[in-house]
Amino acid sequence: MKLTTSFLKKISSCFLLVLILCSYSGFSQIIITEITDPQNSSTTGRYVEIYNSSDSSIDLTDYFLIRWTNGNAGPTDSSAIKLTTACGSSLPAKTFCIIANDDSSTKFSSTYGFVEDYEDGNGGPADSNGDDNLAIVTQSASSFDSDNSYTVIDMFGVAGEDGSGTSHEFEDGRAERNSGVTTPQSTWSASDWTCDNDSGGGDGNLYAPSGFDPGYWIGATSIDTWNGLSSSAWATDGNWASGTAPVSGDNVFIRDSGTDPVISTTGVQVTNLTVESSGVLTINAGKDLSLSGNFSNSGTVTMSSSSTTHSSLIVEGTSSGNITYNVWVASTSTWDLVGSPVDG
């Protein structure tokens, strides 16, 4: 068969279109997974949870989180949050960014056990009283301007509609994305969400922290975040956002927490472990942690030993960041030979 120039051009055009579509699909997999307005929000604060559901890091340049307030026809420009400011220049794959309204640096962390990614203060997208509409949008600008064109990536609620008494009301409760909806939706669909509110929707009104799970989502059950709300024990279920201690197959995040995790049991296994900036993890002497995937540490990881036992960290994938290993040395010895505690 003879391939004509015209035919080759068509093939090239189709191939280019496929590449663009594939790139866009990976590029746009950033979604809102939870929006909250607890009954006791005056003391616990409110937050919005954003998640990258793709397998690739997403460049957040030109991304904004915006809000329509009290049925206003247009979004409030002054309260829009540029996501590079809130979440960093990019959001890694299978990672949450949590934005709280608390401007005192204490409400969120004292309620949920760890520090959020960003505080937008009062009146921002995370400060909704349950009858507003939110969206992730893109606009090529340093600050959002609703008078200029923008593209809605993911939409919660009906833009410009007061949410009171509607399917998107979450007053005194929360809105959680349903587990099967893992891709952005540019238009609102009530079937995509479960809304708890004081009008009787879902589980009704909720008091934080019970019923709220920042750092965990039912659509990403293998992702879990340490909160330390019960103790410092890694193996205690109540210390995790999911309510269950992680197991093999889970991807774990350790954030800056009021109670830092300590591994004090043997045989702990997970897939990937990320210790974020200001996060702290300790592995006690004689205890061990095995990762079938990757280890990333931007915080502090300490391993201990005693006169009879040592701690162990086995990483089968890639490893980055420093580890402090406290090696036991006999004080009565004339000589002790101390070598690197690293194999391979």
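Note that the structure is a prediction, hence the values are computed from the model and not measured.

A few words now on the overall build of the chain. Per the secondary structure count, the chain includes 4 helices and 24 strands. Projecting the C-alpha coordinates of the chain onto the three principal axes gives extents of approximately 80 × 70 × 35 Å. Split into buried and exposed, the 344 residues of the chain put 44% on the buried side. Total accessible area on the chain is roughly 15,700 Å²; 49% of this is exposed by carbon and sulfur atoms. Each charge sign in the chain was given a centre, from 12 positive and 40 negative side chains, and these centres are 13 Å apart.

Next up on the list: the nonpolar core. With 26 residues, the main nonpolar core has I30, I50, L65, L83, I99 and I136 as its most contacted residues. Those residues in contact with L83 that sit more than four places away from it in its chain are I30, I50, L60, Y63, F64, L65, G88, I99 and I136. Formed by 20 residues, the second largest nonpolar core is a distinct cluster that contains W234, W240, V275 and L289.

By definition, a disulfide links the sulfur atoms of two cysteines through a covalent bond. Scanning all chains against the criterion turns up 1 disulfide. Covalently, C87 is tied to C97 through a disulfide, its sulfur atoms 2.0 Å apart. Here the S-S torsion is close to -85°, and the disulfide linking C87 with C97 is therefore left-handed. Of this pair, C87 sits in helix 3 (residues 83-87) while C97 sits in strand 7 (residues 96-100), and the two are 10 residues apart along the sequence. Each of the two residues, C87 as well as C97, counts as buried.

Neighbouring strands of a sheet are bound in pairs by backbone hydrogen bonds; such pairs are parallel or else antiparallel. Reading across from one edge, 16-19-22 is the order of the 3 strands in this open sheet, with parallel pairing throughout. Among the strands making up the open sheet, the edge pair consists of strand 16 (268-270) and strand 22 (312-315). Looking at each pair of strands side by side, their axes are set apart by 10° on average, direction ignored. Pairing of strand 19 (residues 288-291) with strand 22, which is carried by 4 bridges, proceeds in the parallel orientation. Each bridged residue has a counterpart across the sheet, and for D288 the counterpart in strand 22 is S312.

As for its placement among the helices and strands, R177 is situated in strand 11 (residues 174-177). On the accessibility criterion, R177 (1% relative accessible area) is buried. Among the polar contacts listed, one links the side chain of R177 to the side chain of D154, at a separation of 2.9 Å. A polar side-chain atom of R177 sits 3.1 Å from the main-chain carbonyl oxygen of T183.

Take the confidence of the model for the chain next. Averaged over all residues, the pLDDT of the chain is 91; the fraction at 70 or higher stands at 90%. The model gives residues 14-27 a pLDDT under 50, and that stretch makes 6 contacts with residues more than four places away or in other chains.

Turning to the sheet that holds strand 23 (residues 319-320), a few remarks are in order. Strands sit in the order 13-14-17-20-23 across an open sheet of 5 strands; the sheet is parallel. Two strands bound the open sheet, and with one partner strand each, they are strand 13 (223-225) and strand 23. Where strand 20 (residues 295-297) lies against strand 23, 2 bridges are found, and the strand directions are parallel. Its bridge partner lying in strand 23, F295 is registered against S319.

Looking now at a nonpolar patch on the surface. Taken together, the side chains of V327, V329 and V338 define a hydrophobic patch exposed on the protein surface, amounting to about 220 Å² of accessible area. Among the secondary structure elements, V327 is positioned in the segment after strand 24 (324-326).

Thresholds applied
- Residues numbered from 1 in each chain as written.
- Predicted model: local features only at pLDDT ≥ 70, side-chain atom pairs only at ≥ 80, totals over all residues.
- Heavy atoms only, no water.
- Helix = DSSP H or I, 4+ residues; strand = E, 2+ residues; numbered from the N terminus.
- Buried < 20%, exposed > 50% of the residue type's maximum accessible area, 1.4 Å probe, protein only.
- Areas by Shrake-Rupley, 256 points an atom, 1.4 Å probe, with all protein chains shown as cover.
- Lys, Arg positive; Asp, Glu negative; His and termini not counted.
- Charge placed at Lys NZ, Arg CZ, Asp CG, Glu CD.
- Core = buried A, V, L, I, M, F, W, Y, C linked by side-chain atoms within 4.5 Å.
- Contact = heavy atoms within 4.5 Å.
- Disulfide = S-S within 2.5 Å.
- Pairing = 2+ DSSP bridges.
- Axes fitted to C-alpha atoms, helices over the stretch in contact; angles between N-to-C directions.
- Polar contact = N/O pair within 3.5 Å; in protein donor to acceptor, adjacent residues only side chain to side chain.
- pLDDT = per-residue confidence, 0-100.
- Patch = residues over 30% accessible without salt bridge, like charges linked within 9 Å, V, L, I, M, F, W, Y side chains within 5 Å.
- Salt bridge = Lys/Arg side-chain N within 4 Å of Asp/Glu carboxyl O.

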